[in-house]
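If you want the building blocks of each chain, they are given just below.
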Amino acid sequence: MIGAGHAGLAASRFLTSRSIDHVVLERGEVANSWRRERWDSLRLLTPNWLTRLPGCRYDGPEPDGFMATAEVVAFIARYATLARAPVRPHTTVTSVRRVDGGYHVATDGGTIASRGVVLASGACNQPSVPALRQAVPSSVESLTPFDYRNPGQLPDGGVLVVGASATGVQLADEIRRSGRRVILSVGEHVRLPRTYRGRDVLWWMDASGVWNQRYDELDDLQRARRLPSPQLVGTPERMTLDLNALTASGVELVGRLSAVRDGRALFSGGLRNQFALADLKMDRLLDTFDTWAENCAGDLDVGPSERFEPTRAPDKSRLHLDFVTGEIRAIVWATGFRPDYSWLHVPAVDPKGELRHDGGVVSDAPGLYALGLPVLRRRKSTFIHGIEDDAREVTEHLVNYLARGR
Ligand SMILES: Cc1cc2nc3c(=O)[nH]c(=O)nc-3n(C[C@H](O)[C@H](O)[C@H](O)COP(=O)(O)OP(=O)(O)OC[C@H]3O[C@@H](n4cnc5c(N)ncnc54)[C@H](O)[C@@H]3O)c2cc1C
């Protein structure tokens, strides 16, 4: 097993329950990405009641609250102890190669011969930043969500946040609240209200079965896997953090960043279309919830159906921004994350660095498996509560594979 995040630990628990000898190799400590790669104020956008792993769930006093990063670390560390996971911390895997009878796993602490390997090394190992970053003048500081900790570290002056998914809207909001001018560049995004018909919107995702949709039943799996994270934030007051909320707090919205040329950022037009599309998709999802409520909710206590104000487009959105004027002193690239498989030497990684797999089974490399990737086996695959079903099925496949080889 490579990685002692929640995915590796959940799979370890299933392997232990099947008496499969294994080790969990971790370059840092348990829950390393939550310890090292998150900004200070981050809270889960999934509520506590949803925070569960196989055989363990949140049992504290605030089921409707949202864990801060330190609480997530504590939750996962407690899980590692409970699962008695054989974690080998501070062990970085430097290469995985296929050899006769299995895999040769090289680490900075020696080598291991294994018949099977589970990649639970994470889907968000590095920020995904567009190449046009190179053209940004050096007078403007560039940060990724891995560098950003809080607004205090930014140079004085305005900030351009690129990307309006969960990370981008949360950082734009926090930086704006610190009193700075913020421009938010908006591309394709997923709009969601925090609560719907009196319940958390993620309750609806869970209860209606949308999150449970299987990868092999989706019309367009590739698209589902590329979908940005929803515009959600976890706050005690359960606030909705959509683009209307950001506009109301003084954030300026501009279109997708399309180029940086001669010291200027160029933005696409068509904000209005972008907004209309996200509103339409949100309404379709709410229709799905309504249909489920009518047919399946029975006596459940849910409020009446709701629809939300369309996203307000600015009368005129700017199409370019001059970096040399000093109006903007920093850019935060909230443009997504990607995995790092630079150490994986098997013919299963495509030229874009993505792993080819069928529901976590790497067909081009028998005995190799993955967990924790977007829509791996279900829509909920990358979320903490989503690992249980995936890890059970993937480890089941692995156990059968090992039995066949015996
Ligand atoms: C900003 C952000 C916010 C998120 N918010 C939520 C949320 O609110 N709710 C939710 O359910 N999910 C959330 N997620 C998604 C998801 O739960 C996390 O990404 C989670 O960390 C993924 O767990 P994992 O076990 O798959 O990977 P990780 O937690 O990334 O674990 C992978 C582990 O592998 C180790 N590793 C990697 N490479 C190597 C190597 N070569 N050798 C040895 N070890 C290695 C890493 O150190 C790490 O500990 C969020 C993700 C991000 C990025």
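Residues numbered from 1 in each chain as written. Predicted model: local features only at pLDDT ≥ 70, side-chain atom pairs only at ≥ 80, totals over all residues. Heavy atoms only, no water.

Asker: Even after reading the chapter, I still don't get the overall build of the protein chain, so can you show me in this structure?
Answerer: Counting its secondary structure elements, the protein chain contains nine helices and 24 strands. Taken over C-alpha atoms, the radius of gyration comes to 22 Å for the protein chain, in line with the 22 Å a tight globule of 406 residues would show. Structurally, the protein chain occupies a C-alpha span of about 70 × 60 × 40 Å along its principal axes. A total of 406 residues make up the protein chain; the buried ones form 52% of that total. Carbon and sulfur atoms provide 48% of the accessible area of the protein chain, an area that totals close to 18400 Å². Charge separation in the protein chain, taken as the distance between the mean sites of 51 positive and 49 negative side-chain charges, equals 3 Å. (Helix = DSSP H or I, 4+ residues; strand = E, 2+ residues; numbered from the N terminus. Rg over C-alpha atoms; globule rule 2.2 N^0.38 Å. Buried < 20%, exposed > 50% of the residue type's maximum accessible area, 1.4 Å probe, protein only. Areas by Shrake-Rupley, 256 points an atom, 1.4 Å probe, with all protein chains shown as cover. Lys, Arg positive; Asp, Glu negative; His and termini not counted. Charge placed at Lys NZ, Arg CZ, Asp CG, Glu CD.)

Asker: For this particular structure, what's the right way to read the site of the ligand?
Answerer: Close to the ligand lie 30 residues, the nearest being Glu26, Ser33, Leu45, Thr46 and Ile384. Within the contact set of the ligand, an oxygen atom lies 2.7 Å away from a side-chain nitrogen or oxygen of Ser33. Contact between the ligand and Thr382: an oxygen atom at 3.4 Å from a main-chain N or O atom of the residue. Taking 970 Å² as the accessible area of the ligand by itself, protein coverage stands at 93%. Of all elements in the fold, only helix 1 (6–17) and helix 2 (32–36) reach the threshold of two or more residues within the shell around the ligand. Broken down by element, the shell around the ligand gets its largest block of residues, three residues, from helix 2. The residue inventory of the shell around the ligand, partitioned by class, reads 15 nonpolar, 12 polar and three charged. (Near = heavy atom within 4 Å. Polar contact = N/O pair within 3.5 Å; in protein donor to acceptor, adjacent residues only side chain to side chain. Nonpolar A, V, L, I, M, F, W, Y, C, P; charged D, E, K, R; others polar.)

Asker: Help me out: how do you make sense of the nonpolar core in this one?
Answerer: Nonpolar side chains tend toward joint burial in soluble globular proteins. One finds Leu119 and Leu184 to be the most contacted residues of the largest nonpolar core, which totals 90 residues. The element that contributes the greatest number of residues to this core is helix 9 (residues 387–405), accounting for seven residues. In this view, Leu119 contacts Ile2, Tyr341, Trp343, Leu344, Leu355, Leu368, Tyr369, Ala370 and Leu371; residues no more than four positions away in its chain are not counted. Counting 20 residues, the second largest nonpolar core, distinct from the first, contains Val201, Met205, Leu232 and Leu286. (Core = buried A, V, L, I, M, F, W, Y, C linked by side-chain atoms within 4.5 Å. Contact = heavy atoms within 4.5 Å.)

Asker: I'm lost on the side chain of Asp200 in this one. Help?
Answerer: Within the secondary structure, Asp200 is located in strand 15 (residues 199–200). Of note is the side chain of Asp200, whose polar atom sits 2.9 Å from the side chain of Arg194. Discounting residues that sit within four places of it in the chain, Asp200 has contacts with Pro47, Phe66, Arg194, Thr195 and Arg238.

Asker: Help me understand the sheet that holds strand 11 (residues 158–162) in this model?
Answerer: The pairing of strands in a sheet happens through backbone hydrogen bonds and is either parallel or antiparallel. One open sheet holds the five strands; their spatial order is 10-21-11-12-17, and the pairing between them is parallel. Since the sheet does not close on itself, it has two edges, and those belong to strand 10 (141–143) and strand 17 (252–254), each with one partner. This sheet shows a mean twist of 20° between the axes of neighbouring strands, independent of strand direction. One ladder, built from three bridges, connects strand 12 (residues 182–185) with strand 17; its direction is parallel. Residue Ile183 lies in a different strand from strand 17, and its bridge partner there is Glu252. Its contacts with the sheet place helix 4 (residues 166–177) against strand 11, strand 12 and strand 21 (328–333), and it is angled at close to 170° to strand 12. (Pairing = 2+ DSSP bridges. Axes fitted to C-alpha atoms, helices over the stretch in contact; angles between N-to-C directions.)

Asker: Quick question: what am I supposed to make of the packing of aromatic side chains here?
Answerer: Ring pairs (aromatic) are described by centroid distance and by the angle formed between their planes. In the structure shown here, the tally under the stated rule is 10 aromatic pairs. Between Tyr341 and Trp343 the ring centres are 6.2 Å apart and the planes differ by 70°, which places this aromatic pair in the edge-to-face class. In this pair, the class of Tyr341 matches that of Trp343, namely buried. Cluster of aromatic residues (ring-pair linked, three or more members): Tyr196, Trp203, Trp204, Phe289, Trp292 and Phe308. The ring of Trp34 carries the charged tip of Arg38 above its face, separated from the ring centre by 4.1 Å. The ring of Trp203 has Arg199 sitting right over it, with the charged end atom 4.3 Å from the ring centre. (Phe/Tyr/Trp six-rings, centres within 6.5 Å; stacked < 30°, edge-to-face > 60°. Lys NZ or Arg CZ within 6 Å of the ring centre and 35° of its normal.)

Asker: Is there a simple way to explain the environment of Ala334 in this structure?
Answerer: Within the element layout of this structure, Ala334 appears in the loop between strand 21 and strand 22 (337–338). Here Ala334 falls in the buried class, since its relative accessible area comes to 7%. In sequence terms Ala334 and Val161 are 173 residues apart; their C-alpha atoms lie 6.7 Å from each other. With sequence-adjacent residues up to four places away left out, Ala334 is seen in contact with Pro145, Val161, Val162, Gly163, Thr167 and Gly168.

Asker: I would appreciate a short explanation of the packing of helix 1 against helix 9 in the present structure.
Answerer: Each pair of packed helices can be described by the angle between their axes along with the distance between the axes. Closest axis-to-axis distance for the helix 1/helix 9 pair is 9 Å, and the angle between their directions is 50°. With respect to helix 9, the element helix 1 is oriented oblique. Between helix 1 and helix 9 lies a crossing whose hand is right-handed. From helix 1, His6, Ala7, Ala10, Ala11, Phe14 and Leu15 reach across to helix 9, where they touch Ile387, Glu388, Ala391, Arg392, Thr395, Leu398 and Val399. Looking at the contact of helix 1 with helix 9, its residues break down into nine nonpolar, two polar and two charged. (Parallel < 35°, antiparallel > 145°, perpendicular 65-115°, else oblique. Left-handed = near helix turned anticlockwise from the far one by under 90°.)

Asker: I'm lost on the packing of helix 1 against helix 3 (residues 69–82) in this one. Help?
Answerer: Orientation of helix 1 relative to helix 3, taken along the N-to-C sense of each, is 20°, at an axis distance of 10 Å. The angle between the axes of helix 1 and helix 3 places the two elements in the roughly parallel class. By crossing handedness, the relation of helix 1 to helix 3 is classed as left-handed. Residues His6, Leu9, Ala10 and Arg13 of helix 1 form the contact with helix 3, whose own contacting residues are Ile76, Tyr79, Ala80 and Leu82. Looking at the contact of helix 1 with helix 3 residue by residue, the classes come out as six nonpolar, one polar and one charged.

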